[in-house]
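# Chains, contacts and geometry: an overview
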Amino acid sequence: MAIKIKDQPFYIQATAVLFGLVLVVYILSVLTDILVPLGFAAFLAILLNPLANRLQRHKVPKALSIAIAMLIALLVVAGVFYFLSSQIIQFGDSLPMLKQKFGEITINLKHWVQATFGIAVAKQDQMVKEALSNSQSMVGKTLGGLLGTLGIIFLLPVYIFFMLLYKPLILNFLYEVFAEENSKKVSEVLSETKGAIQSYIVGLLIEMIIVATMNSVALLLLGVKYGILIGCIGAILNLIPYLGGIIAIALPVLMATVTKDGYSTQLGVIIAYIVIQFIDNNVLVPRIVSSKVQINALMSIVVVLLGNQLWGLSGMFLSIPFVAVLKIIFDRIDDLKPWGKLLGDNIPTRHMGDILRNRRKRKAVMPEAEQ
């Protein structure tokens, strides 16, 4: 006689779930170098799929249409990198001067801390070294994930091409691996997943362009050097949910501190970026990043941090769309619907007491109905 997990005591169910999570995380960690490029390739393949389909409707052969779609995407990315590289070259010419000015500011800051708080300069240096040593593992893991991704980035075009080429084969497998009565749910999950990922990525790209423009204009008006470069970098960092915005503010403030006297420019930068973040969070994200799946802020922060711990910088980018796909699946499976609600941003209007009273009423009515 088969024993169902759901019929077991809570501590057995919790142990089984915890063991399953540990096993999944271990597999994801071990297979990082394989799964990270596959994850990026899957999302990019879904993004390029409409363009490839449109070319096929104009009688372009399937393989050629996929290659043209990938070439267009490559040209767009190359244009962005060319623009940023020209700005970086200008920044490199002033790097020695900026380094010298930053060293002077650091020395003045240490002396101010010593005079104000009585902490010796040697003690301050020791505290900084300890802080850097403690954060070295996290930074190393993040950079390691970035370097690992860059090391195998040449595999992305191959993965994307074959994913688009063998899309019917993959879809047939997903339909056939589940029971026939679940084919409708599988179709709904695949359709919503495609729509969610496409709207999420396209929305992020549009949001990034608008934020980069607002950042650059604000920094140029405030007279911050290399405002266009820093504004674009801030927009790219903004793609990392919640955490990227904080880092994006620090860069122009640091540049203004190094290149300008006084603190009026730094204050202006902070005010400008707060206004931009307000517009981004309350106007751009709800209207442009119109993903069909909304993840609440708490879960977003948690999964971004977990993604960084698991896969470094790549995990921070992949975490939100990955959890969005999980939510779509959870919402279609009865036993997993509570997890889908936990990830979502729909706050229940009824209190728990009302829910429990309704349950007791239903249980009280059930014997009468059976009679």
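Above this note sits the structure.
Quick caveat, the model's predicted, so the values are computed rather than measured. (Residues numbered from 1 in each chain as written. Predicted model: local features only at pLDDT ≥ 70, side-chain atom pairs only at ≥ 80, totals over all residues. Heavy atoms only, no water.)

Attention now moves to the overall build of the protein. If you tally the helices and strands in the protein, you get 14 helices and zero strands. Sorting the 371 residues of the protein into buried and exposed places 29% on the buried side. Long-range pairs, those at least 24 residues apart, make up 68% of the contacts in the protein between residues at least 6 apart in sequence. About 24,300 Å² of surface is accessible on the protein, with carbon and sulfur atoms providing 71% of the total. (Helix = DSSP H or I, 4+ residues; strand = E, 2+ residues; numbered from the N terminus. Buried < 20%, exposed > 50% of the residue type's maximum accessible area, 1.4 Å probe, protein only. Contact = heavy atoms within 4.5 Å. Areas by Shrake-Rupley, 256 points an atom, 1.4 Å probe, with all protein chains shown as cover.)

With that settled, the discussion passes to empty space enclosed by the protein. To find the voids left in a structure, one rolls a probe of water-molecule size over its atoms. Scanning the model with the defined rule gives one cavity of 30 Å³ or more in all. For the largest cavity, the calculated volume is near 40 Å³. Around the largest cavity, the lining residues are V211, N215, G234, N238, G245, A248, Y273, I276 and Q277. Going through the elements one at a time, α8 (183–222), α10 (243–259) and α11 (264–287) are the ones with two or more residues in the lining of the largest cavity. Sorting elements by how many residues they give to the lining of the largest cavity places α11 first, with three residues. (1 Å grid on protein atoms, 1.4 Å probe; cavity = no way out; pocket = protein on both sides within 12 Å on 5 of 7 lines; lining within 4 Å. Points joined across faces, edges and corners; volume = space filled by probe spheres on them.)

The subject of this paragraph is the packing of aromatic side chains. Under the criterion given, the structure shown has two aromatic pairs. With centroids separated by 5.5 Å and ring planes inclined at 80°, the aromatic side chains of F161 and F162 adopt a geometry described as edge-to-face. F161 gets classed as partly exposed once you look at its relative accessible area, which sits at 21%. Residue F162 is classed as partly exposed on the basis of its relative accessible area of 40%. Each ring, one from F162 and one from Y166, has its centre 5.9 Å from the other, and the planes form 10°; the classification is stacked. (Phe/Tyr/Trp six-rings, centres within 6.5 Å; stacked < 30°, edge-to-face > 60°.)

What follows covers the pattern of salt bridges. All chains considered together, the criterion is met by one salt bridge. In this structure, D331 engages K327 in a salt bridge whose closest nitrogen and oxygen atoms are separated by 2.8 Å. Placement of the pair is D331 and K327 together in helix α12 (residues 297–332), with a separation of four residues, close to one helical turn. On the basis of relative accessibility, which here comes to 12%, the residue K327 falls in the buried class. (Salt bridge = Lys/Arg side-chain N within 4 Å of Asp/Glu carboxyl O.)

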